[in-house]
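Commentary on secondary and tertiary structure
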Amino acid sequence: MKTLKAILILATLTTSLIFTSCQKNELTDTQQPENIMPERFKVDIPSSISSAYSYKDAKVDTLQGNDIYQHLRTFIHVGQHAADITGDIILTIALHNLSQPMEFTFTSDDDGRLKHVVIIANAFFEGADWQYKMTITDEGPAGNEVSENTAIQIFWNKAPIKGIAILNPYNIDRNTDPKFADAMYRIDYSEAGEMGYEHHMVVTIDGLPLEDPLTNPYSVSTLKMFVGKNGDVVSVYGNTEHPNATFFSGEAGFDWAFVAAGKNSTDIAVAEVGLPSNTLNSDDRYTLLVENSIENVFETQIYCIWPWIDPATVQSYLYNTQAPGFFDHYGFVQGGTAPSPAYNSLLNIIAGLTPYNPLDVHDLQIEFDN
């Protein structure tokens, strides 16, 4: 996951990069006007299903069901970390008590380039009206404006909190490796309850450069993930695209299609994973998670390559490929059978969740508002 770590290092840059000049809000009144920035912009996922687990480079001929489930935790963590970065950026902005629309330019301490900030009221984007819109652009080396490249755009409403944040890491800090120039990610966050959750977010990441398939065939190019929270329970579903992923037959291009649910208080989780082709055109739950279950995909490919293999050997190998997978604070526990009745309510939840259409994820694009 080296490429993902590189892009997500942005979390350490936001404090020095953003709004060293936000003292533009020079107030003399004794009473501070209301901060126009949203107080929250993410949903936290239980660590049982989201972890920066650093797996060894898996060999195609030894990958097992527990590896698939462990990788899922890493891929979900990528989405969670993107949301954390976005939330940190918005929090950094909010700490400067912005109370009105404004416009200014400052020189970034990180890459020495001019950044132009514009905050306006009453914006329109993707068919919706927004109370505020913030755009930050990279304008080139200080004193020598040569470009206008959007780094961050945020659209938001204050009550209830709802918004869209779109980021391009390369334009935030040009010290970022140029191979990430086309990488984009977006967070849609809402507390309006329109999806049946107290608050939810949709994390979308695209344009991640792939690692050498001989080193890591499972690197991620695209992610789309929904996270909704009601009380103590977090529901998650989505897809990560892996164009170089291969298992036994040599066929490349797979999608980790998943549904999951976890409890924050006990840090347990349940997940069901399918491995459809990354260009499969289907949003049917049975197709994605049953027909293309880990067990079915592995078994089909194994018998295709080694039709004479002993079935007992295959079944032994397929141990822990059964759905669903069960997790605790330490990660994957087992597949198929729940370790305890504590997981039963989570099983009921994931039965009603469906991943996105893999083809839609394959084709998605993240773009700024012009």
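Just above, that's the structure.
Attention here is on the structure that accompanies the text. Please read all numbers here as calculations on a predicted model, not as lab measurements. (Residues numbered from 1 in each chain as written. Predicted model: local features only at pLDDT ≥ 70, side-chain atom pairs only at ≥ 80, totals over all residues. Heavy atoms only, no water.)

1. A short note on the side chain of Asn292
Considering the arrangement of structural elements, one finds Asn292 in the loop between α5 (285-291) and α6 (294-305). A polar contact of 2.8 Å, which involves the side chain of Asn292, links it to the backbone oxygen of Thr287. Setting aside residues no more than four positions away along its own chain, Asn292 makes contact with Gly274, Leu275, Pro276, Leu280, Thr287 and Val297. (Helix = DSSP H or I, 4+ residues; strand = E, 2+ residues; numbered from the N terminus. Polar contact = N/O pair within 3.5 Å; in protein donor to acceptor, adjacent residues only side chain to side chain. Contact = heavy atoms within 4.5 Å.)

2. As for the nonpolar core
Counting residues in hydrophobic clusters, the biggest one holds 72 residues, and the most contacted among them are Phe247, Trp256, Leu275 and Phe298. Looking at this core element by element, the count peaks at 13 residues for helix α3 (residues 65-94). Grouped together as the second largest cluster of nonpolar side chains are 28 residues, Ala123, Phe155, Val202 and Tyr237 included. (Core = buried A, V, L, I, M, F, W, Y, C linked by side-chain atoms within 4.5 Å. Buried < 20%, exposed > 50% of the residue type's maximum accessible area, 1.4 Å probe, protein only.)

3. Structural notes on the pairing of strand β10 (residues 252-263)
Most of β10 is tucked away: 11 of the 12 residues are buried. The loop that links strand β9 (residues 233-246) with its antiparallel partner β10 comprises five residues; one of these, Gly250, has a positive phi angle of about 95°. Inspection of the sheet shows β10 paired to strand β11 (residues 268-274) by seven bridges, in the antiparallel sense. Following the sheet pairing, Phe258 is matched in β11 by Val273. Hairpin connection between β10 and β11: a loop of four residues separates the two successive antiparallel strands, and Asp267 in this loop has a positive phi of roughly 55°. (Pairing = 2+ DSSP bridges.)

4. Focus: the pattern of salt bridges
Using the criterion set out here, one finds 13 salt bridges in the structure. Where Asp44 meets Lys42, a salt bridge forms, and the shortest distance between an N and an O atom there is 3.6 Å. Note on Asp44: relative accessible area 44%, which makes it partly exposed. With a shortest N-O distance of 2.7 Å, Arg186 and Asp188 are connected by a salt bridge. Overall, Arg186 belongs to the buried group, its relative accessible area being 13%. Through salt bridges with shared partners, a single ionic network connects Asp111, Arg113, Lys115, Asp138 and Arg174. (Salt bridge = Lys/Arg side-chain N within 4 Å of Asp/Glu carboxyl O.)

5. A word on α6
Under the 1.5 Å per step criterion, the end-to-end length of α6 is 17 Å for 12 residues, consistent within 8% with the ideal 16 Å. All of the buried residues in α6 are Ile294, Val297, Phe298, Gln301 and Ile302. The arc enclosing the buried residues of α6, seen along the axis, measures out at 120°, which places them on a common side. For α6, exposure combined with an orientation more than 90 degrees from the buried face picks out Thr300 and Cys304. Considering only its buried residues, α6 is in contact with α3, β10, β11 and α7 (311-317). (Expected span 1.5 Å × (residues − 1). Arc of directions from axis to C-beta.)

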